[in-house]
Amino acid sequence: MKKPSVMAKSSKSIDSSYKLAQIRYADLGVDTETAMTQLAGIPISLHCWQGDDVGGFENSGEGLSGGIAVTGNYPGKARTPEELRADLDQALALIPGKHRLNLHAFYGEFGGKKVDRDAIRPEHFSNWIAWAKANGMGMDFNPTCFAHPKAAEGFTLSHPKKAIRDFWIRHCIASREIGAAMGKALGSPTVTNVWIPDGYKDTPVDRLAPRQRLSDSLDQIFEKKLNPKHHLDAVECKLFGIGSESYVVGSHEFYMGYAIKNQKLLCLDAGHFHPTEGIADKLTSALMYVPEILLHVSRGVRWDSDHVVILDDALQSIAAELVRNKLLARTHIGLDFFDASINRIAAWTIGTRNTLKALLIALLEPAALREAEKSGDYTARLALMEETKSLPWGAVWDAYCEKQNVPVSTAWLDQVRAYEKAVTSKRGS
Ligand code: RNT
Ligand code: ZN
């Protein structure tokens, strides 16, 4: 089957479109050059797990668990750390700007040995750290509290059995040490994010005791103070998962309270609330009381399905909130989606480029919107907000991509296809 041709653009058309856009924005008091410079300073943390369907490298034979699911069987997923790094290199070459890598603990390199989760150490991540260093990237980290026999009963840090809780506490402590080692080696703090799947499929009688146990486990995990120059702790809430539909121990209220009390970072995943509930409106509230936020930019379709992020209203609202309220310095932007039904490198590229596009649109917002609101003219506010949607931000985006030496428009798709032909299509399953 012939692949549809991409919408190539000539340098001449990129430049002349940009010049017109620059004038249009200048008329509205917006400096497009400043917006591009600001955008170049915003790192997005690329999640390693889009590259191999949340598989990891333990080769334990354990499937994915914890109420998250990846669907699709597109050929060519990364099977080794080398393949995953090569795929990330390819994706990063298509995304403008300097970004970060977000790694899960079960992506350690264990040299074919069985290293249980509570025995992981920084040396198991030395190749990843060296790779990030060579690319001038920072790293973020996550304990992996799923896809393991000790998580099979659906409870980890809140498990009724102390021995199981202790195992996961040791894993999370080890993960913090690894995160701190990454942050130190790379000269940029690593955010280590604790997400656990714990919950009940059906209505529980006791909703309190598991939460008390979780709180106690977290206190033990965070007991050791780590240097914030190297390491920051985040906690991620959730509404429900597959198999934990009726009750999740680490709910929003639980972690919001825990993060405020202990001044931890609150992780807000866009798919972890009711289907019509966005996370954009939570940012200004949460950041009044927690020091910083970690975002898991994701897209739920009817449930927390972790679809590739598109440039929809939900994403644009998040970006607008961050820019309008100057929250970027206190917000760590990470991605969390996994689609195995399309080319995985394209998935990373689409989701990350969209997140950056949303930020650019926000950075290009004319001040007139705020002025209309301040003067109480809500008619003008709505009118301007709608007119803003058709401003020529696309021309600025194209110019930004060209400036950053990455493919403009869909020209990146050619590169993904060439890489697929030469590399990923040759991989067995
Ligand atoms: C699960 C959470 C969590 C995971 C990753 C793999 O619902 O969103 O962040 O997706 O840790
Ligand atoms: Zn998440």
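Just so it is clear, the structure is predicted and the values come from calculations on it, not from any experiment.

(A) Examining the overall build of the chain more closely. When its secondary structure is counted, the chain shows 14 helices and 10 strands. Counting only residues that meet the buried cut, the chain has 53% of its 429 residues in that class. In the chain, the share of contacts with a sequence separation of at least 24, taken over all contacts with a separation of at least 6, comes to 81%. Summing over all exposed atoms, the chain offers an accessible surface of approximately 19100 Å²; the carbon and sulfur share of this is 55%. Looking at charge distribution, the chain has the averaged site of its 51 positive side-chain charges lying 3 Å from that of its 51 negative ones.

(B) Quick look at the site of ligand 1. Neighbouring ligand 1 are Trp49, Ile68, His104, Trp195, Glu236, Lys238, Asp269, His272, His296, Asp304, Asp336 and Phe338. Between an oxygen atom of ligand 1 and a side-chain N or O atom of His104, the distance comes to 2.7 Å. Between His296 and ligand 1, the recorded distance is 3.2 Å, taken from a side-chain N or O atom to an oxygen atom. Protein coverage of the free-state accessible area of ligand 1, which is 310 Å², stands at 100%. Mapping ligand 1 onto the cavity grids shows that it belongs to the largest cavity. The residue inventory of the shell around ligand 1, partitioned by class, reads 4 nonpolar, 3 polar and 5 charged.

(C) Focus on the pattern of salt bridges. Following the criterion strictly, the structure yields 20 salt bridges and no others. Its salt-bridge partner being Glu277, residue Lys282 comes within 2.5 Å of it at the nearest N-O pair. Under the relative-accessibility criterion, Lys282 is labelled buried at 16%. When salt bridges with common partners are traced through the structure, they connect Arg79, Glu83, Asp87 and Arg427 into a single cluster.

(D) Seen up close, a nonpolar patch on the surface. Together, Ile260, Met288 and Tyr289 give the surface a local cluster of nonpolar side chains, amounting to about 310 Å² of exposed area. Looking at the secondary structure, you find Tyr289 in the loop between helix H8 (280-286) and strand S9 (293-297). Under the relative-accessibility criterion, Tyr289 is labelled partly exposed at 46%.

(E) Local environment of the coordination of the zinc ion (ligand 2). Coordination of the zinc ion (ligand 2) by the protein is provided by Glu236 (OE), Asp269 (OD), His296 (ND1) and Asp336 (OD), with metal-donor distances spanning 2.1 to 2.2 Å. Classification of the site at the zinc ion (ligand 2) rests on its 6 donor atoms, whose angles at the metal span 71 to 169°, yielding the label octahedral. Positions of the donor residues of the zinc ion (ligand 2), expressed as sequence spacing, correspond to E-x32-D-x26-H-x39-D. With Asp269 in strand S8 (residues 265-269) and His296 in strand S9, this residue pair connects regions lying 27 residues apart in the sequence. This pair shows no difference in class: Asp269 is buried, exactly as His296 is.

(F) Structural context of the side chain of Lys238. Secondary-structure assignment places Lys238 in the loop between strand S6 (231-236) and strand S7 (247-248). In this structure Lys238 touches Gly67, Ile68, Trp195, Val248, Gly250, Ser251, His252, His272 and Asp304, once residues within four positions along its chain are discounted.

What counts as what
Residues numbered from 1 in each chain as written. Chains lettered and ligands numbered in written order. Predicted model: local features only at pLDDT ≥ 70, side-chain atom pairs only at ≥ 80, totals over all residues. Heavy atoms only, no water. Helix = DSSP H or I, 4+ residues; strand = E, 2+ residues; numbered from the N terminus. Buried < 20%, exposed > 50% of the residue type's maximum accessible area, 1.4 Å probe, protein only. Contact = heavy atoms within 4.5 Å. Areas by Shrake-Rupley, 256 points an atom, 1.4 Å probe, with all protein chains shown as cover. Lys, Arg positive; Asp, Glu negative; His and termini not counted. Charge placed at Lys NZ, Arg CZ, Asp CG, Glu CD. Near = heavy atom within 4 Å. Polar contact = N/O pair within 3.5 Å; in protein donor to acceptor, adjacent residues only side chain to side chain. 1 Å grid on protein atoms, 1.4 Å probe; cavity = no way out; pocket = protein on both sides within 12 Å on 5 of 7 lines; lining within 4 Å. Sits in = over half its atoms within 2 Å of the grid points. Nonpolar A, V, L, I, M, F, W, Y, C, P; charged D, E, K, R; others polar. Salt bridge = Lys/Arg side-chain N within 4 Å of Asp/Glu carboxyl O. Patch = residues over 30% accessible without salt bridge, like charges linked within 9 Å, V, L, I, M, F, W, Y side chains within 5 Å. Donors = N, O, S within 2.8 Å, 3.2 Å for Na, K, Ca; no water. Tetrahedral: all angles 85-135°; square planar, octahedral: opposite > 155°, others 65-115°.

Geometric values such as these leave the question of function open.
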